[in-house]
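Given next are the chains, with one letter for each unit.
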Amino acid sequence: MPNWCVGELKVRGTKKNLREFLSKGLMIIDRRGNAVDMTVEASEDGIYIYSKSSEAECFYLKGSKRQFIKTNVLDFGWWNKSEDTEILFILPEFEGAYDIDVEILKSISTEFSVDFHIYGFEKGMEFNRDVMVVSGIVIRDDVIEFEDYKWECVSPSLGG
């Protein structure tokens, strides 16, 4: 079983690009890692993504190796904003097995024209990771190590 690098994944892009990423760049999986049917209800007011399956457990970043959003429902409103209005969403409870997969964030950023920012905590191996990807380019990728993780880290109980 892996350690988990956890945090909140910020996703920024236009309404149009976010709609495409949320509906095509994610999938819902069950406990065994199998894809389950996903329902996307998109309107001018927002987007609601879920599965009617009782087996649905969490969202998975397509193409990644164990990078999850630990919920089985996403519900975001954009309140009648125009298609090219820039919007920021926070996907809570992001978990990456052992670390944050920067390459998959680059790939998804390029494919869907969205930006990512995450500050992850990994208490088991005692490091933090600060990653920012804008337009498919890694702007920041810092591994933060500590002499005394429990004392120096702002949230030493997260991850692991």
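A. View of the overall build of the protein. Per the secondary structure count, the protein includes three helices and twelve strands. Over its C-alpha atoms the protein spans a radius of gyration of 16 Å, differing by no more than 12% from the 15 Å that the globule rule assigns to 160 residues. Here the C-alpha coordinates of the protein stretch approximately 50 × 35 × 25 Å along the principal axes. Classification of the 160 residues of the protein by burial places 43% in the buried group. A total of about 8,600 Å² of accessible surface is found on the protein, and carbon and sulfur atoms cover 47% of it. Distance between charge centroids for the protein: 4 Å, based on 19 positive and 29 negative side chains.

B. Here's a closer look at the side chain of Asp130. Relative to the elements of secondary structure, Asp130 occurs in strand S11 (residues 127-134). A polar atom in the side chain of Asp130 sits 3.0 Å from the side chain of His117. Excluding anything up to four places from it in sequence, Asp130 contacts His117, Ile118, Tyr119, Arg140, Asp141, Asp142 and Ile144.

C. Layout of the sheet that holds strand S1 (residues 4-14). One open sheet accounts for nine strands, arranged S3-S2-S6-S7-S9-S1-S10-S11-S12; its pairing is antiparallel. With partners counted over all chains shown, the strands left at the sheet margins are strand S3 (35-36) and strand S12 (137-145), one partner each. In the sheet, strand S6 (residues 58-61) pairs with strand S7 (residues 67-69) via two bridges, with the strands oriented antiparallel. Along S7, the bridge assignment pairs Phe59 with Ile69.

D. The arrangement of the environment of Tyr50 in detail. The topology assignment puts Tyr50 in strand S5 (residues 46-50). On the basis of relative accessible area, Tyr50 is assigned to the buried category, the value being 13%. Considered as a pair, Tyr50 and Leu158 are 108 residues apart in the sequence and their alpha carbons are 26 Å apart. Beyond its immediate stretch of four places on either side in the chain, Tyr50 contacts Ile28, Asp37, Met38, Thr39, Glu41, Asn72 and Val73.

E. Spatial organisation of the packing of aromatic side chains. Under the criterion given, the structure shown has nine aromatic pairs. Here Phe146 and Tyr149 contribute two aromatic rings whose centre-to-centre distance is 5.2 Å and whose plane-to-plane angle is 80 degrees, an arrangement assigned as edge-to-face. Summarising the burial analysis for this pair, Phe146 and Tyr149 share the class buried. Aromatic rings pair up to connect Trp4, Tyr60 and Phe68 into one cluster.

F. Structural view of the pattern of salt bridges. According to the stated counting rule, one finds twelve salt bridges in the structure shown. Note that Glu83 is salt-bridged to Arg19, the shortest N-O span being 3.0 Å. Pair noted here: Glu83 is in the loop between strand S8 (73-77) and strand S9 (86-97) and Arg19 is in helix H1 (residues 15-24), with a separation of 64 residues, a long-range link. Glu57 serves as the salt-bridge partner of Arg31, at 2.9 Å between the closest nitrogen and oxygen. Within this pair, whereas Arg31 is found in the loop between strand S2 (26-29) and S3, its partner Glu57 is found in the loop between S5 and S6, the two being separated by 26 residues in sequence. Of the residues examined, Arg31 reaches a relative accessible area of 73% and is grouped as exposed.

G. Focus on the environment of Lys65. By the element assignment, Lys65 lies in the loop between S6 and S7. For Lys65 and Gly77, which are twelve residues apart along the polypeptide, the C-alpha to C-alpha distance reads 29 Å.

The rules we used
- Residues numbered from 1 in each chain as written.
- Predicted model: local features only at pLDDT ≥ 70, side-chain atom pairs only at ≥ 80, totals over all residues.
- Heavy atoms only, no water.
- Helix = DSSP H or I, 4+ residues; strand = E, 2+ residues; numbered from the N terminus.
- Rg over C-alpha atoms; globule rule 2.2 N^0.38 Å.
- Buried < 20%, exposed > 50% of the residue type's maximum accessible area, 1.4 Å probe, protein only.
- Areas by Shrake-Rupley, 256 points an atom, 1.4 Å probe, with all protein chains shown as cover.
- Lys, Arg positive; Asp, Glu negative; His and termini not counted.
- Charge placed at Lys NZ, Arg CZ, Asp CG, Glu CD.
- Polar contact = N/O pair within 3.5 Å; in protein donor to acceptor, adjacent residues only side chain to side chain.
- Contact = heavy atoms within 4.5 Å.
- Pairing = 2+ DSSP bridges.
- Phe/Tyr/Trp six-rings, centres within 6.5 Å; stacked < 30°, edge-to-face > 60°.
- Salt bridge = Lys/Arg side-chain N within 4 Å of Asp/Glu carboxyl O.

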